[in-house]
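Here are the chains, one letter per residue:
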Amino acid sequence: MLARFGLGLYLLTNTNIVSISNAAGATLANWNVQTLTYNGDPITVFPGDFHREDVDFKDLRRWRDLVAADVYFLQEVTSPAAIDEVFPVVEGWRHCISGQYAKAEGLPIKPVCSGPGDTPHKPTGPTRAQYTAVALRAGSPFSILDTADDPDLNVKSLDGGVERDIRWGLEVTLGFGEAKLRVLVVHLKSGCFDDQIKQSLWLSPPVDPPSSWACDTLGRQLYPLRAWITLREAAGEAWMVVGDFNRRLDAGSGTFQDEVWKALSGYIPDKTGHDTDTRPDIPMFRSPYKEASVCWGEFRNPNPATLADADDFNLLPIEFFLFGTKASAMVVPNSGRQVAWPHAIAADAKRLSDHCPASLLVLSN
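This is a predicted model, so every value here is computed, not measured. In this numbering scheme, every chain counts its residues from 1 along its sequence in written order. At least 70 in pLDDT is required for a residue's local features to be given in this predicted model, at least 80 for side-chain atom pairs to be given and counted, and no such filter applies to totals for whole chains, interfaces and linings, which use all residues. Hydrogens and water are ignored here; the side-chain numbers use all heavy atoms of the structure.

Draft legend 1. Representation of the sheet that holds strand β11 (residues 169-176) within the structure. Strands are treated as partners if at least two bridges between them are detected by DSSP. A helix here means a DSSP run of H or I that spans at least four residues, while a strand means a run of E at least two residues long, and both kinds are numbered starting from the N terminus. With mixed pairing, the six strands of this open sheet are ordered in space as β8-β11-β12-β13-β15-β14. With one partner strand each, in any of the chains shown, β8 (142-150) and β14 (285-287) form the two edges of the open sheet. Each adjacent strand pair in this sheet contributes to an overall mean axis angle of 20 degrees, direction not counted. In terms of strand pairing, β11 meets strand β12 (residues 179-187) through seven bridges, oriented antiparallel. In the strand pairing of β12, Glu 171 is matched with Leu 184. Any two residues having at least one pair of non-hydrogen atoms within 4.5 Å are treated as being in contact. Angles here are taken between N-to-C directions and fall from 0 to 180 degrees, while the axes themselves are lines fitted to C-alpha atoms, restricted in helices to the stretch in contact. Here helix α6 (residues 214-234) sits on the sheet in contact with β8, β11, β12, β13 (239-244) and β15 (319-323), set at roughly 155 degrees to β13.

Draft legend 2. Broad picture of unusual backbone geometry. Of note, the amide linkage connecting Ser 287 to Pro 288 takes the cis form, showing an omega dihedral of 0 degrees. On the secondary structure map, Pro 288 appears in the loop between β14 and β15. A positive phi angle, near 50 degrees, is found at His 343, a position not held by glycine. Looking at the element boundaries, His 343 is found in the loop between β16 (337-338) and α9 (348-351). Accessible area is worked out with a 1.4 Å probe on protein chains only. A residue is then buried under 20% of its type maximum, exposed over 50%, and partly exposed in between. Residue class for His 343 comes out exposed when judged on its relative accessible area of 77%.

Draft legend 3. Local environment of the sheet that holds strand β7 (residues 131-136). The strand order across the open sheet built from seven strands is β6-β5-β7-β4-β3-β17-β16, with neighbouring strands paired in mixed fashion. Every other strand in the sheet has two partners, leaving β6 (112-114) and β16 as the edge strands with one partner each. In terms of strand pairing, strand β5 (residues 94-97) meets β7 through four bridges, oriented antiparallel. Bridge pairing in β7 places Cys 96 opposite Val 134.

Put into structure tokens, the structure is as follows:
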């Protein structure tokens, strides 16, 4: 039978249903923890960042446990010591941060991983930056088989005429029973949530000079991201791209698909349904799918006093699990959920994170 569950159409036979009920399940989570620094760090990423105290880190750990995931794919963490505030190695957690952090700290350029018995590295430089990372719960049915960097996503940007780095991807190969899942953790360029992206940018390698326009920078990231997905498809791997896409992929209506989706899938239909993109199509699914964001929804104002007061930033999700056909066979229907902070007050969004975690249940084969 056909079952629609927010990720697309899936063919489920009676045999499949039985195998799903008997398979071992585990939970993946995706969380941007908003410029997470270690407790007592005198330096923040931006001048206006909130300095968290003991109670704030305690509540972040409480939020972590409300999600109850086995693996967390993270964005906006500034160091191994910062990750350890929420995912401490003394509790059995293992975590790895992008080698972009290692490069900034003068360490060997590779992902920096910490586990029980280690002292997570504290940054020594005069500034802090945002990095991608992964954290694995003790006793998880997953194992981290390998980590690697994807620096190709750093296509650079211009800020006030100064060329600046943007975030690398972190590739994580997970073992899960007899299965392997290849995950790329991303935090794409912010500032182009639903504006137009020039098609020429995603069809060619990013060789043009960096731009100060966020949509140009995001567009330049789509070519190397599609290249990574294409390699995974060619290898027959189960893959996911997980993280903060900084893009409202669900802003379209009807058959319209967002330009980021078009760029990555290779499917651009005209009014007659003819595919105008000559690249091979790559079937893709995402979670959440066509859902409103629940993150800090209690503070939205449906009747702003002025047009300038209107804010739909969190109306639709910008963080996603994006995956191909082989990984879709591991995903449990209707298992995606967004986890909002309970009984929130307005100050919580600043002291904890302006992003809420989301999770997805997967099965081993």
